[in-house]
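Descriptive structure summary
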Amino acid sequence: MSKVRIGGEAVRKFIIENIGAHPRDIVRVTAEKFGCSRQAVHKHVQRLIAEGAVTDGGQTRNKTYQLAPLVKWSKNFELAAGLAEDAVWRSDIVERLEKLPENVLHIWHYGFTEMFNNVIDHSGARIVSVFLTKTAAATTIDILDDGVGIFKKIKSALDLADERHAVLELAKGKFTTDPRNHSGEGIFFTSRMFDEFVIASGDVFFSHQFEETEDWILQLSANSGGTLVKMVLHNHTARTTKKVFDKFTSDDDYGFTKTVVPVELMRYGDDNLVSRSQAKRLLARLDRFKTVVLDFSGVASVGQAFADEVFRVFRSRNPNVEVVPIHASLEVKRMITRAESLGAEGELGDT
Ligand SMILES: Nc1ncnc2c1ncn2[C@@H]1O[C@H](COP(=O)(O)OP(=O)(O)OP(=O)(O)O)[C@@H](O)[C@H]1O
Ligand SMILES: [Mg+2]
């Protein structure tokens, strides 16, 4: 018993962090983790309930536990002239986030103002709604606008065949429909700063570290013609905005010079990556970077012409762009090596 009491703080921290994944069996999971009795864990759960961090529901046998919202707030803003993301951040958001570590607050400042600015500058919406929920473990902000819809907008700007191809363009970064006033960095960096980042519009999802969303969000997105951005961040994380920026910038000029492209996103609408035209779609705009990391996770194989276009033709046309494949399967590696071995003068049949 005394052992449990000494580790009480750790036990409650574990409960808070794992209750979302184990609403029904958090007591058993915690007891196993700490090698203590269920009764001992129960005391900690009761204490968290008394403190208002946790709520319970259901009957004795089917009891479920969840984190209580410490903050639950929402507001609609009219997109009138003069609405500015930084003013909204200061007047409505920052105080409602309450005490958070400085690095976490910085991530929220960046993410909220970037995504709110997107609504102001790109959505053509009349109303934007902000939902903020904070529990003992994490904070969520949803920004929902009733504008044109992000994927629809990108599809028509780039004349894409499919709205889902817009997801790939966003994942590459440096995509903007307004190059005079913007540089296409907001979604790229914001999506990589949060534990969960989702954009939903129409029936298309862009998600980074997608986890189960709450029901009411799915309902909203299903009914809305505009754009929903959801950001979730643990209240305690070692991540900082600087660490995320540093991953994609070069040391000398701090420019946005490196991207990591999830090649798997190409498969929306295309099952197999075989043709030169698919490779060209993957490579579009990537000559703007100094380093292009192609992440082949989830891609079992690629065809000859596809590999040749990426690893020989593109490289010989863009000698200043470093193309680095990662997480390639043996099969994909074989095709890459083959394309590379043909060198700059090599010839391969088209498909
Ligand atoms: N809420 C939205 N509604 C409609 N389109 C959007 C919305 N948010 C973003 N977009 C589209 O997605 C593109 C990319 O957004 P992102 O924030 O990454 O870059 P940007 O706003 O163009 O540039 P920066 O963020 O660097 O100022 C925008 O140019 C715009 O076309
Ligand atoms: Mg932006």
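Residues numbered from 1 in each chain as written. Chains lettered and ligands numbered in written order. Predicted model: local features only at pLDDT ≥ 70, side-chain atom pairs only at ≥ 80, totals over all residues.

Digging into the packing of helix 2 (residues 8-18) against helix 4 (residues 38-51)
The N-to-C vectors of helix 2 and helix 4 enclose an angle of 70 degrees; their axes lie 10 Å apart at closest approach. Between helix 2 and helix 4, the angle is such that the two are roughly perpendicular. Contacts between helix 2 and helix 4 pair Gly8, Val11, Arg12 and Ile15 from the former with Val41, His44, Val45 and Leu48 from the latter. (Axes fitted to C-alpha atoms, helices over the stretch in contact; angles between N-to-C directions. Helix = DSSP H or I, 4+ residues; strand = E, 2+ residues; numbered from the N terminus. Parallel < 35°, antiparallel > 145°, perpendicular 65-115°, else oblique. Contact = placed C-beta atoms within 7 Å.)

Thoughts on the site of ligand 1
Ligand 1 sits among 23 residues. The nearest are Asn118, Thr176, His182, Gly186 and Ile187. Contributions of two or more residues to the shell around ligand 1 are made by helix 6 (102-123), helix 7 (150-158) and helix 9 (186-193). With 5 residues, the top contributor of residues to the shell around ligand 1 is helix 6. Grouping the amino acids of the shell around ligand 1 by side-chain chemistry returns 7 nonpolar, 11 polar and 5 charged. (Near = placed C-beta within 6 Å. Nonpolar A, V, L, I, M, F, W, Y, C, P; charged D, E, K, R; others polar.)

Structural notes on the environment of Val293
Mapped onto the elements, Val293 comes out in strand 10 (residues 291-295). Taking the number of C-beta atoms within 10 Å as the measure of exposure, Val293 has 17 and is therefore partly exposed. Spatially, the C-alpha atom of Val293 lies 6.0 Å from that of Val323, the residues being 30 residues apart in sequence. When neighbours within four sequence positions are excluded, Val293 is seen to be in contact with Val260, Val324 and Ile326. (Buried ≥ 20, exposed ≤ 12 C-beta atoms within 10 Å, placed from the backbone.)

Quick notes on unusual backbone geometry
Not every positive phi belongs to a glycine, and Arg285 is a case in point at roughly 75 degrees. If you trace the backbone, Arg285 turns up in the loop between helix 12 (276-283) and strand 10.

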